[in-house]
Amino acid sequence: MQAKRKKNRWIYISVAVFTILVFIIGGWSALHLNQSLDAKGCFQLPEDLVDIDLPIKQSNVRFLAIGDAGTGGEDQRLLAATIKKTCKDIGCDFVLYLGDNFYPHGVNSVSDPLFKHQFEDIYRELELPFFSVLGNHDNQGNSKAQIYYSLKNLKWKMPNFNYGFSAGPVDFFAVNTNCAPSGMSKLHGLISEKPNTW
């Protein structure tokens, strides 16, 4: 009888230790997943950091869309010169900056020198807002720094990880596709909030 009780006690202890280990490993995994998703910008800020609707009075909207441009090299300088010439010739209201804004690994903070070298210096002569969204290279750094940079540089517009804005009669939507499919559900929510038909 005593041997049976001793055996049962070891079974209970073994089950208890196993259960505790499962909770520890599960908790660590959940924390790691949460940190990974947060670093990618999968969790929206509670509200947009800045207001970004453009009061365009004309019925047409003129914009440029560029992506994978954040090299800081000669190719990006040539692109800036092309944007300047195009906007001088036909007019531009803004730029859509479609991700991979800072190669090779994003930025580390709002004061990262890459903001100066790969954005401010290169696009200095352009008096246009840049509506930005994160790319996969941007997520290798501090993705929130790109949002908070909107407070430091009025040309840079990224009020949240996913956002929408109106430019005259047209609504635009920026979606962090690094977090698909959650980004797509956020897109549906953003579309339902905007009144324009375009």
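Coordinates for the structure precede this section.
Residues numbered from 1 in each chain as written. Predicted model: local features only at pLDDT ≥ 70, side-chain atom pairs only at ≥ 80, totals over all residues. Heavy atoms only, no water.

Visitor: So what exactly am I meant to see when it comes to the environment of Leu54 here?
Guide: Within the secondary structure, Leu54 sits in the loop between α1 (2–39) and β1 (63–66). Along the sequence, Leu54 and Phe165 sit 111 residues apart, while their C-alpha atoms lie 7.6 Å from each other. Excluding anything up to four places from it in sequence, Leu54 contacts Asp93, Phe94, Pro129, Phe131, Ser166, Ala167 and Gly168. (Helix = DSSP H or I, 4+ residues; strand = E, 2+ residues; numbered from the N terminus. Contact = heavy atoms within 4.5 Å.)

Visitor: Please clarify how the pattern of salt bridges should be interpreted in this entry.
Guide: Under the definition given, this model contains five salt bridges. Between Asp89 and Lys85 there is a salt bridge; the shortest N-O distance is 2.7 Å. Of the two residues, Asp89 and Lys85 both sit in helix α2 (residues 74–90), four residues apart, roughly one turn of that helix. Across the pair Asp121 and Arg124 runs a salt bridge whose closest N-O atoms are separated by 2.7 Å. Through salt bridges that share partners, Lys116, Asp121 and Arg124 make up one connected network. (Salt bridge = Lys/Arg side-chain N within 4 Å of Asp/Glu carboxyl O.)

Visitor: Whenever I open this one, helix α3 (residues 113–120) confuses me. Can you help?
Guide: Side chains three or four residues apart in an α-helix point the same way, a direct result of the helix having 3.6 residues per turn. Here α3 has its buried residues at Phe115, Gln118 and Phe119. Considered in projection along α3, the buried side chains sweep an arc of 105 degrees and stay on one side of the axis. Against α2, β2 (94–97), β3 (130–132), α4 (143–148) and β4 (156–157) lie the buried residues of α3. For α3, the capping residue at the N-terminal end is Asp112, with a side-chain oxygen 2.8 Å from the backbone nitrogen of Leu114. (Buried < 20%, exposed > 50% of the residue type's maximum accessible area, 1.4 Å probe, protein only. Arc of directions from axis to C-beta. Polar contact = N/O pair within 3.5 Å; in protein donor to acceptor, adjacent residues only side chain to side chain.)

Visitor: Sorry if this is basic, but what is going on with the packing of aromatic side chains here?
Guide: When we look at a pair of aromatic rings, we describe it by the centre distance and by the angle of the planes. On inspection of all chains with the given rule, the structure shows 22 aromatic pairs. With a centroid separation of 6.0 Å and an interplanar angle of 90 degrees, the aromatic rings of Tyr97 and Trp156 are classed as edge-to-face. In this pair, Tyr97 sits in strand β2 while Trp156 sits in strand β4, placing the two residues 59 residues apart along the sequence. The burial state of Tyr97 is the same as that of Trp156; both residues are buried. Consider the rings of Phe131 and Phe165, whose centres lie 3.8 Å apart with planes at 5 degrees: the pair is stacked. Of this pair, Phe131 sits in strand β3 while Phe165 sits in strand β5 (residues 163–167), placing them 34 residues apart in sequence. Owing to a relative accessible area of 2%, Phe131 belongs among the buried residues under this scheme. (Phe/Tyr/Trp six-rings, centres within 6.5 Å; stacked < 30°, edge-to-face > 60°.)

Visitor: Explain the nonpolar core to me, please; I cannot follow it from the model alone.
Guide: As a rule of thumb, soluble globular proteins bury nonpolar side chains together. Ranked by internal contacts, the top residues of the largest apolar core, which has 39 residues, are Phe94, Tyr97, Phe119, Tyr123, Phe130, Phe165 and Phe172. For this core, the secondary structure elements donating two or more residues are α2, β2, α3, β3, α4, β5 and β6 (170–174). Per-element accounting of this core gives the leading share, four residues, to β2. Residues in contact with Tyr97, not counting those within four places in the same chain, are Ile66, Ala69, Gly70, Gln76, Gln118, Phe119, Tyr123, Phe130, Phe131, Ser132, Val133 and Trp156. (Core = buried A, V, L, I, M, F, W, Y, C linked by side-chain atoms within 4.5 Å.)

Visitor: What should I look at first to understand unusual backbone geometry in this one?
Guide: What is expected of a backbone is that most residues other than glycine have negative phi and most peptide bonds are trans. The omega angle of the peptide bond from Tyr103 to Pro104 is 0 degrees, so this bond is cis rather than trans. Examined against the element boundaries, Pro104 turns out to sit in the loop between β2 and α3. Phi at Asp68 is positive, roughly 55 degrees, even though this residue is not glycine. Among the secondary structure elements, Asp68 is positioned in the loop between β1 and α2. Under the relative-accessibility criterion, Asp68 is labelled partly exposed at 48%. Within the chain, Asp100 stands out as a residue other than glycine whose phi angle is a positive 55 degrees. You can see Asp100 is positioned in the loop between β2 and α3. For Asp100, a relative accessible area of 6% gives the class buried.

Take it as geometry only, folks, not as evidence of what the structure does.
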